[in-house]
Amino acid sequence: MVTEIAETEVEAESRGEDFEGFFAAERGRLVRACLLLTGDVADAEDLAQEALSRVMERWPDVARMESPTGYLYRTALNLNRKRLRRLAVAARRLMADRVERDDMASADDRMDVLRAVASLPFAQREALVLVEWLEYSAEEAGSLLGIEAVSVRARLHRARTSLRRSLEESP
């Protein structure tokens, strides 16, 4: 068994596969391949560097492999997958935080609007609900309320002005 290991080490050395030579031969191609994976030069260089450092740590075993280059590229691909998973987790956390904050902010905004609408006089509130939320025309709302369309428009104008002033003042 010891002689087999010694023979494979000699074979690896005889093939000229010392790590420095391997590094010099593969680094440029690996960085270019990683650039295609990442789309960013800095990320590609980091990925290639990490893959090469992991291969260097295991060089005695890797040098005896049928394809040390294949092992290097497989390592780089696995590291990229790990990087993508980390980015996906970070993106999900960011989105979850943003959605939670947006839900709270929109709930606060809705409460502000409801309070402002509730503070309107009843006649203005009626006109606002019929025209803005139920989408009746001023003529239809006037008919429902038993008043002229011009009166509905006047109430609506006063309601909008009051709401605008109230919502601008709220913090």
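Residues numbered from 1 in each chain as written. Predicted model: local features only at pLDDT ≥ 70, side-chain atom pairs only at ≥ 80, totals over all residues. Heavy atoms only, no water.

Enquirer: Account for a nonpolar patch on the surface, with residues named and values stated.
Expert: A cluster of nonpolar side chains, contributed by Val113, Trp133, Leu134, Tyr136, Leu144 and Leu167, occupies part of the molecular surface with about 560 Å² of accessible area. Along the polypeptide, Leu167 turns up in helix H8 (residues 149–169). Accessibility expressed as a relative area gives 34% for Leu167, which makes it partly exposed. (Patch = residues over 30% accessible without salt bridge, like charges linked within 9 Å, V, L, I, M, F, W, Y side chains within 5 Å. Areas by Shrake-Rupley, 256 points an atom, 1.4 Å probe, with all protein chains shown as cover. Salt bridge = Lys/Arg side-chain N within 4 Å of Asp/Glu carboxyl O. Helix = DSSP H or I, 4+ residues; strand = E, 2+ residues; numbered from the N terminus. Buried < 20%, exposed > 50% of the residue type's maximum accessible area, 1.4 Å probe, protein only.)

Enquirer: Go over the packing of aromatic side chains, please, and point to the residues and values.
Expert: This structure, assessed with the given rule, holds four aromatic pairs. Centroid distance Phe19 to Phe22: 6.3 Å. Interplanar angle 40 degrees. Geometry classified as tilted. Here Phe19 and its partner Phe22 are both found in helix H2 (residues 19–38), three residues apart, which amounts to about one turn of the helix. As far as burial versus exposure is concerned, Phe19 and Phe22 are alike and both buried. (Phe/Tyr/Trp six-rings, centres within 6.5 Å; stacked < 30°, edge-to-face > 60°.)

Enquirer: Residues and numbers for the side chain of Thr75, please.
Expert: Along the chain, the position of Thr75 falls in helix H5 (residues 68–118). Within the local environment of Thr75, its side chain forms a polar contact with the backbone oxygen of Tyr71, the two atoms lying 2.8 Å apart. Once residues lying within four places of it in the same chain are set aside, the contact partners of Thr75 are Ala51, Arg54 and Val55. (Polar contact = N/O pair within 3.5 Å; in protein donor to acceptor, adjacent residues only side chain to side chain. Contact = heavy atoms within 4.5 Å.)

Enquirer: Tell me about helix H6 (residues 122–133), residues and numbers included.
Expert: In this model, H6 (twelve residues) spans 15 Å end to end at C-alpha, consistent with the 16 Å of a helix rising 1.5 Å per residue. Turning to H6, its buried residues number three or more, namely Gln124, Ala127, Leu128, Leu130 and Val131. Residue Glu135 follows H6 closely and has a positive phi angle near 60 degrees. (Expected span 1.5 Å × (residues − 1).)

Enquirer: A description of the environment of Val62 should follow, citing residues and the corresponding values.
Expert: By the element assignment, Val62 lies in helix H4 (residues 59–63). Separated by ten residues in sequence, Val62 and Leu72 place their C-alpha atoms 8.8 Å apart. Setting aside residues up to four positions removed in sequence, Val62 forms contacts with Val55, Pro68 and Tyr71.

Enquirer: Now, about H8: what can you tell me, with residues and values included?
Expert: For H8, built from 21 residues, the straight-helix expectation of 30 Å at 1.5 Å per residue is met to within 8% by its first-to-last C-alpha distance of 30 Å. Listing the buried residues of H8 in full gives Ala149, Val152, Arg155, Leu156, Ala159 and Leu163. Around the axis of H8, the buried residues are gathered within 115 degrees of arc, so they sit on the same side. Exposed residues on H8 whose side chains face more than 90 degrees from its buried face are Val150, His157, Glu168 and Glu169. (Arc of directions from axis to C-beta.)

Enquirer: Can you tell me about the packing of H6 against helix H7 (residues 138–145), naming the residues and giving the values?
Expert: The interhelical angle for the contact between H6 and H7, taken along N-to-C directions, is 135 degrees, at an axis separation of 9 Å. Regarding the angle of H6 to H7, the classification is oblique. Along this stretch, H6 crosses H7, giving a crossing that reads as right-handed. Across from Glu126, Leu130 and Val131 in H6, the residues of H7 making contact are Ala141, Leu144 and Leu145. Grouping the constituent residues of the contact of H6 with H7 by class yields five nonpolar, no polar and one charged. (Axes fitted to C-alpha atoms, helices over the stretch in contact; angles between N-to-C directions. Parallel < 35°, antiparallel > 145°, perpendicular 65-115°, else oblique. Left-handed = near helix turned anticlockwise from the far one by under 90°. Nonpolar A, V, L, I, M, F, W, Y, C, P; charged D, E, K, R; others polar.)

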